[in-house]
Amino acid sequence: MTEKKTVGMYDVFSRSGKQTRATHYCAGCGHGIIHKLITEAMVELGIQDRTVIVNPIGCAVFGYYYWDCGNVGAAHGRAPAIGTAINRTRRDAVVISYQGDGDLGAIGFNNTFQAAGRGEHMAVFFVNNAIYGMTGGQMAPTTLVGMKTTTSPFGRDPLTAGYPLHVCEVLNQLKAPVYIERVSVADTKRIMQAKRAVRKALEIQRDGKGYAFVEFISPCPTNLGVDSLKAAAFCADEMEKEYPLGCVRDESATAEPRPPVPVTPTVKAFFEASEQHQAPMAEIDEKAGELRLKFTGFGGQGILSLGVCVAEAARLEKRFATWFPSYGPEQRGGSAACSVVISGKPIGSPSVDHPDVLVCMNQPSYERFVRDVRPGGTVIVDATVPLAEKAPDGVRVVPMPAIDLSIKMGVPKAANTMMLAALMKLGVTGLKNEHLLSALDASFKKKPALVEKNRLLLDEAQAWMEKNLPL
Amino acid sequence: MTKFVKGNEAVVIGALYAGCDVYFGYPITPASEIAHGAAKWFPSVGREFLQAECETASIYMVYGAAAAGRLAMTATSGPGMSLMQEGISYMAAANLPGVIVNVMRAGPGLGNVYPEQGDYNQAVKCGGHGNYSCVVLAPASVQEMCDLTIRAFELSFKYFTPAIVLADGLQGQMMETLVLPEHEMPKPDTTPWAVQATQETRKNLITSIYLDAPAQEAHNLRLQAKYAKMSADARHETYLCEDAELVLVAYGICSRIARTAAETLRSGGVKAGVFRPVTLSPFPGAALSETLKGRKALVVELSAGQFHDDVLLHLVKEGGRYQPVDLCNRMGGMVMTVDDVVAAARKTMKK
Ligand SMILES: Cc1ncc(C[n+]2csc(CCOP(=O)(O)OP(=O)(O)O)c2C)c(N)n1
């Protein structure tokens, strides 16, 4: 008699140069049966080339020495994350995540749960043998109450170790899974049902319909410390009491295949379309020197965008510019600040310790920063701030009623525009007003109605300054 | 074409021009704008974006996409980077390319969200288990946040090991002009090794297990031989070093502060320059030792001396002799001022 040619599985197990037809599994172990069921379904459905199996860490770690399809080895518990990425980047792939109960139910449970919740396109084959096989018979989340293992030597005690985890039932709380079933490989009749379940899970993948989950009650004679027959009987008698077999959900008939990927522009086309106006490239100009500005106030006063506006104006003038904000809790907790450096050459430090120009919209910032201003520098401070703290000698302090004026004009959020008016009128940025205006207009790119309004506010502020300040 | 963007946004733009197929990530300050940008821009140009359930998932998603022959990346900061260490070790072991951006914040523990460089050893000496090396690149501008992200993909695919872009909160948050790349990078052919779910690649296998010690040792030796070749891609930058009597040694944002400090020192009569490693792994040790020869040196870093230790180590390795190198550092999210560096440099000059 000629031997039957194996399809879907390799002829021999070839790890470490041994060419054996025996598997690496113990006699009576369920893994081998489940491997065979997966192989048969894969071959019958004609999806061998498209199939990628993510192999777990556990007794099935060497699945790839058996399955003749694409194989990826996972870290312990991470097969669903890896499977997620494979299917998301290879949409034609039939992805299988094959996992034990320690792998899936303990270390990797959140990855399993989240992948199921997202409805990832993969078939998850979950081998529940109630124990950690590979590492020497430790307690698993699925270990039965009272069951002795190497880490529950007196039997699993619910008081300290809790109760067995019912993964099918937990996943059934989620909306996305298409198919969830618990089967067993304890005897031939049960194996026939398991075969149907495997096939259905893979059909769902073949048709691109979504997430499928099959749990196998599977014997582990070695770690139960019994022979094959007793281990199988344990599965059928004890485990099924805790883990009833059957289909928990099957929406495969109605599930829709996912929509095709939309057509999109190239990266270059996309970014070119997103940028209407173009700042010229910066040019080195040694004579231009360097100007350091600090903008400070409460979060929400538009301090950060005022800084960006000045930096953008500098760019229009072919200057180098950096902008650096306060961020994180500092930004939310009250005060906001940003540093802007404008230079005729590439900029070193972007943070401003000694500003040439300090804009302050609130008292705490004024008190904190005014002493740092360089001699010859300028402080523009909102007129509501008491000037108890003295500025260093040679620093000019200009009170500006930015907040009051903006309220008077009916746009209390535009106090920052009033400060820009002051910067322009005082000429302290060294930038041309036309560039500051263009930058201001551009900052309202998404709200064009505000462009006109802010121009009016600028005029009002400058008129006020002409009347009230010794310029 | 130019754009005025945050460093974090520049990373995303760089990734897209590098041909990155997919972004996986979990939010964390000060790296979150990378996820925000990726969520917006990746799908707009037909790439995949997925918010992972945690950083452990992020890194294994990068592993999975790389195994499938795709260009994948993630970005995070301190605590997330710590969670990724196991996965980075797995990727290195399985010869998988992929890019991880660490926008460093202050630690240890939760620390805070302000800039630090305390993850130097974790990245450069490899915080995961086993003998492996990553490519580690240290940008020092918004432009480089983009350009070195592209370079990270190139080197990662050249050496088949993960590449880390080691940035910091300041660079992630700051805005500067970015000159966008001229064109997209050509895609590498991954058919010979990746599991692409096709007949042609059916026999390909991605794994990191060699249960037998001799096989695992042989694997280790192959990896080490590969890492030894990386030194060809060591890069550095010098500023005002030609006639310098004092060299400030700094990477990342500290090199920018050092630049301004060197200018300030020169205006005060001290001839100072800056040596800046662009690649931290491979480390430009030969160039460092050459530049420091006969000069005083001061390391400027935002960590406890991790980088300083490495500078000493490389000097000894290159020259075989110990040279004193001073240290000016801050931690905890505090950034040294230019004045701090200038004062430290003057002290070094007096020695
Ligand atoms: C992060 C990590 N922790 C622990 C281990 C050790 N380990 C390997 S397999 C395993 C348990 C396997 O049990 P299970 O998932 O039930 O599969 P089985 O071996 O029973 O098929 C453990 C704890 C590991 N490889 N990685």
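Computed from a predicted structure; not experimentally measured.

What counts and what doesn't
- Residues numbered from 1 in each chain as written.
- Chains lettered and ligands numbered in written order.
- Predicted model: local features only at pLDDT ≥ 70, side-chain atom pairs only at ≥ 80, totals over all residues.
- Heavy atoms only, no water.
- Pairing = 2+ DSSP bridges.
- Helix = DSSP H or I, 4+ residues; strand = E, 2+ residues; numbered from the N terminus.
- Contact = heavy atoms within 4.5 Å.
- Axes fitted to C-alpha atoms, helices over the stretch in contact; angles between N-to-C directions.
- Domains from an automatic or database assignment.
- Buried area = accessible area lost by both parts, 1.4 Å probe.
- Salt bridge = Lys/Arg side-chain N within 4 Å of Asp/Glu carboxyl O.
- Polar contact = N/O pair within 3.5 Å; in protein donor to acceptor, adjacent residues only side chain to side chain.
- Nonpolar A, V, L, I, M, F, W, Y, C, P; charged D, E, K, R; others polar.
- 1 Å grid on protein atoms, 1.4 Å probe; cavity = no way out; pocket = protein on both sides within 12 Å on 5 of 7 lines; lining within 4 Å.
- Points joined across faces, edges and corners; volume = space filled by probe spheres on them.
- Buried < 20%, exposed > 50% of the residue type's maximum accessible area, 1.4 Å probe, protein only.

1. A closer look at the sheet that holds strand S2 (residues 70–73) of chain A
Then, number 1: Overall, mixed pairing links the eight strands, which are arranged S9(A)-S7(A)-S8(A)-S4(A)-S3(A)-S1(A)-S2(A)-S10(B) in an open sheet. Each end of this open sheet is capped by a strand with a single partner; those strands are strand S9 (246–250) of chain A together with strand S10 (205–206) of chain B.
Then, number 2: Where strand S4 (residues 123–128) of chain A and strand S8 (residues 212–217) of chain A come together, six bridges link them in parallel fashion. Considered in S8 of chain A, the bridge of Val127 of chain A is made with Phe216 of chain A.
Then, number 3: In the packing of helix H2 (residues 79–89) of chain A onto the sheet, contacts are made with strand S1 (51–55), S2 and strand S3 (94–100) of chain A, and the angle to S3 of chain A comes to roughly 175°.

2. Some thoughts on the domain arrangement of chain B
Residue and element names in this part refer to chain B.
Then, number 1: Here chain B is partitioned into domain 1 (2–232) and domain 2 (235–350).
Then, number 2: When each unit is reduced to the centre of its C-alpha atoms, the spacing between domain 1 and domain 2 is 27 Å.
Then, number 3: Taken together, the contact pairs 33 residues of domain 1 with 27 residues of domain 2.
Then, number 4: Summed over both sides, the interface between domain 1 and domain 2 buries roughly 2,300 Å², with carbon and sulfur atoms accounting for 51% of that surface.
Then, number 5: Glu176 is paired through a salt bridge with Arg256; the nearest N and O atoms lie 2.6 Å apart.
Then, number 6: Put simply, domain 1 and domain 2 have 18 residue pairs in polar contact (both at pLDDT 80 or more) between them.
Then, number 7: Only strand S5 (98–106), strand S6 (112–115), helix H6 (120–126), strand S7 (135–137), helix H7 (142–159), strand S8 (162–168) and helix H8 (169–173) provide two or more residues apiece to the side of domain 1 that touches domain 2.
Then, number 8: Here the side of domain 1 that touches domain 2 gets four residues from one element, more than from any other, and that element is H6.
Then, number 9: A breakdown of the residues in the side of domain 1 that touches domain 2 according to their chemical character gives 19 nonpolar, seven polar and seven charged.

3. Description of the layout of surface pockets
Then, number 1: Of the voids in this model, the largest pocket is the one considered here, and its volume is about 1,600 Å³.
Then, number 2: In this structure, the largest pocket is lined by 46 residues; those nearest its centre are Ser305, Val308, Ala442, Ser443 and Lys446 of chain A.
Then, number 3: Residue assignment for the lining of the largest pocket shows that the elements contributing at least two residues are helix H10 (267–274), helix H11 (303–316), helix H15 (415–426), helix H16 (433–443) and helix H17 (449–468) of chain A together with strand S1 (2–6) and helix H2 (32–44) of chain B.
Then, number 4: The element contributing the most residues to the lining of the largest pocket is H11 of chain A, with eight residues.
Then, number 5: For the lining of the largest pocket, the per-class residue count stands at 20 nonpolar, 13 polar and 13 charged.

4. Concerning the pattern of salt bridges
As a working rule, side chains carrying opposite charge can pair if their charged atoms are close by.
Then, number 1: Under the criterion given, the structure shown has 46 salt bridges over all chains.
Then, number 2: We note a salt bridge from Arg182 of chain A to Glu169 of chain A, for which the minimum N-O separation is 2.7 Å. A residue pair is termed long-range when its members are at least 10 positions apart, and Arg182 of chain A in strand S7 (residues 179–184) and Glu169 of chain A in helix H6 (residues 167–171) qualify at 13 residues.
Then, number 3: Since its relative accessible area comes to 1%, Arg182 of chain A is described here as buried.
Then, number 4: Notably, a salt bridge pairs Asp233 of chain B with Arg235 of chain B, separated by 3.8 Å at the nearest N-O pair.
Then, number 5: Taking relative accessible area as the criterion, Asp233 of chain B reaches 5% and is therefore assigned buried.
Then, number 6: Three or more residues are tied together by salt bridges with common partners; here these are Lys36, Glu40, Glu44, Lys195, Arg199 and Glu203 of chain A.

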